[in-house]
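Notes for the structure review
So the chains spell out like this:
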Amino acid sequence: MTRRLAQVAQKVGVSEATVSRVLNGKPGVSDATRQAVLSALDVLGYERPTQLRGERARLVGLVLPELQNPIFPAFAEVVGGALAQQGLTPVLCTQTKGGVSEADYVELLLQQQVSGVVFAGGLYHQADAPHDHYKVLADRKIPVVLINAAIGHLGFPGVSCDDSVAVEQAWRHLVSLGHERIGLVLGPSDHVPSQRKLAAARVLADETGTSIPDEWVARAMFSLEGGQAAATRLLERGVTGIICASDPLALGAVRAVRRRGLSVPGDVSVVGYDDSAFMNCTEPPLTTVRQPIEAMGRAAVELLSVQIGGRSVPSDELLFEPELVVRGSTAQPPRENSL
């Protein structure tokens, strides 16, 4: 019991005494705090006391495209914790290949009469994907918040890491080391964050009097294997630095370099994006651009809770500043290009 009190108190940010009062049905606790404690019980997997089981917590859908990329469980942890503090219970919906689609999850969430939905990645990133289920949410006036860049006409508020600044930080870092042949490993051509990254890179190249030939831009699915295949194509074209649109893509690029008998960073430098878990434990530790997931996740929940409370919010995109984290996967290019 003591361990449970401590965990719930830490999750909500209140004292153990306050948690105890809620569990025992005693007065002196605000409705918001009481609901937050009950939601924390649900999130942590504890059963509610018998006398409280009839009170159903307010539900919020948390839709993720996958769990293999560590950045998405990280977002889920931040968003889930922030929802619990607001007295909301997250319903985690994770897509799998051949499994339940994003549209199916939306239908299920509507059946559960959710109070709102947070999308931490999904089809709203892709211009050519189906978007009818977003219109259903809008038509039913369900509060929605999107995390990271979306197509332009959905009309939902969002929070995003600034893709242009992220690429600028990575690009200038490689240029400062002496790299001139810099390639990009990005997502599919209709992927909005990747479109923004490429546009920013082309502006930077123009400013430095260089260019980015189309053959220095490789598209890939967001996986380690996709990164390896894309980076292999770039290495055949002689790049010495590779900027990737995710950390798993970057790890695939490192593998591609090694499969050619070359080294990172001795022959080729690699920069990731996200700074997801354990990127400081790879060999070499990965230089990457960090998304401020704590600030972004909490902002997303704040935008959602304001809507749930009946107030409107602008359908704007809040841009958050990324941070370059320099580790061991970048260095000066080889003096003689042996690629």
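For the structure itself, consult the block above.
Our subject in this report is the structure included herewith. (Residues numbered from 1 in each chain as written. Predicted model: local features only at pLDDT ≥ 70, side-chain atom pairs only at ≥ 80, totals over all residues. Heavy atoms only, no water.)

What follows deals with the side chain of glutamine 228. With respect to the helices and strands, the residue glutamine 228 is situated in helix α9 (residues 224–236). Polar contacts involving the side chain of glutamine 228 include one to the side chain of arginine 255, which spans 3.0 Å. Here glutamine 228 is in contact with Gly252, Ala253, Arg255, Ala256 and Arg259, once residues within four sequence places are set aside. (Helix = DSSP H or I, 4+ residues; strand = E, 2+ residues; numbered from the N terminus. Polar contact = N/O pair within 3.5 Å; in protein donor to acceptor, adjacent residues only side chain to side chain. Contact = heavy atoms within 4.5 Å.)

Of note, the bond from valine 264 into proline 265 is cis; its omega dihedral lies within 30 degrees of zero at 10°. With respect to the element layout, proline 265 can be found in the loop between α10 (247–259) and β9 (269–274). Put simply, glutamate 283 and proline 284 share a cis peptide bond, and its omega is -5°. Of note, proline 284 is situated in the loop between β9 and β10 (287–290). The backbone of glutamine 113 shows a phi angle near 55°, a positive value even though the residue is not glycine. Tracing the backbone shows glutamine 113 in the loop between α5 (102–111) and β3 (116–119). On the accessibility criterion, glutamine 113 (66% relative accessible area) is exposed. With phi around 75°, asparagine 148 is a residue other than glycine that occupies positive phi space. Topologically, asparagine 148 is positioned in the loop between β4 (144–147) and β5 (158–161). (Buried < 20%, exposed > 50% of the residue type's maximum accessible area, 1.4 Å probe, protein only.)

With respect to the element layout, glutamine 95 can be found in the loop between β2 (88–94) and α5. Among the polar contacts made by the side chain of glutamine 95, one reaches the side chain of glutamate 102 at a distance of 3.2 Å. Discounting residues that sit within four places of it in the chain, glutamine 95 has contacts with Val63, Leu64, Pro65, Glu66, Val100, Glu102 and Tyr105.

Quick look at the pattern of salt bridges now. If charged atoms from side chains of opposite charge come close, those side chains can pair. On inspection of all chains with the given rule, the structure shows 10 salt bridges. One salt bridge connects arginine 196 with glutamate 317, and the closest N-O pair in it is separated by 2.9 Å. Linking arginine 196 in helix α8 (residues 192–207) with glutamate 317 in strand β11 (residues 317–320), this pair joins segments that are 121 residues apart in sequence. As a salt-bridge pair, aspartate 275 and arginine 327 come within 3.0 Å of each other at their nearest N and O atoms. Pair noted here: aspartate 275 is in the loop between β9 and β10 and arginine 327 is in the segment after β12 (323–325), with a separation of 52 residues, a long-range link. On the basis of relative accessible area, arginine 327 is assigned to the partly exposed category, the value being 22%. One network of salt bridges, with partners in common, ties together Asp275, Arg290, Glu323 and Arg327. (Salt bridge = Lys/Arg side-chain N within 4 Å of Asp/Glu carboxyl O.)

Moving on to the state of the cysteines. The final tally for this structure, using the stated rule, is zero disulfides. Left without a disulfide partner, cysteine 161 is nearest to the cysteine sulfur of cysteine 244, which lies 16 Å away. The exposure class assigned to cysteine 161 is buried, which follows from its relative accessible area of 0%. Here cysteine 281 is not cross-linked by a disulfide; its sulfur's nearest cysteine counterpart is in cysteine 244, at 19 Å. (Disulfide = S-S within 2.5 Å.)

The next thing to look at is the packing of helix α4 (residues 71–85) against helix α11 (residues 293–308). At their nearest, the axes of α4 and α11 sit 9 Å apart, and the two run at 45° to each other. When the axis of α4 is compared with that of α11, the two are oblique. As α4 packs across α11, the resulting crossing turns out to be right-handed. Contact residues: α4 offers Ile71, Ala74, Phe75, Val78, Val79, Ala82, Leu83 and Gln85, while α11 offers Ile293, Glu294, Met296, Gly297, Arg298, Val301 and Leu304. (Axes fitted to C-alpha atoms, helices over the stretch in contact; angles between N-to-C directions. Parallel < 35°, antiparallel > 145°, perpendicular 65-115°, else oblique. Left-handed = near helix turned anticlockwise from the far one by under 90°.)

As far as function goes, none of this settles anything; it's purely spatial.
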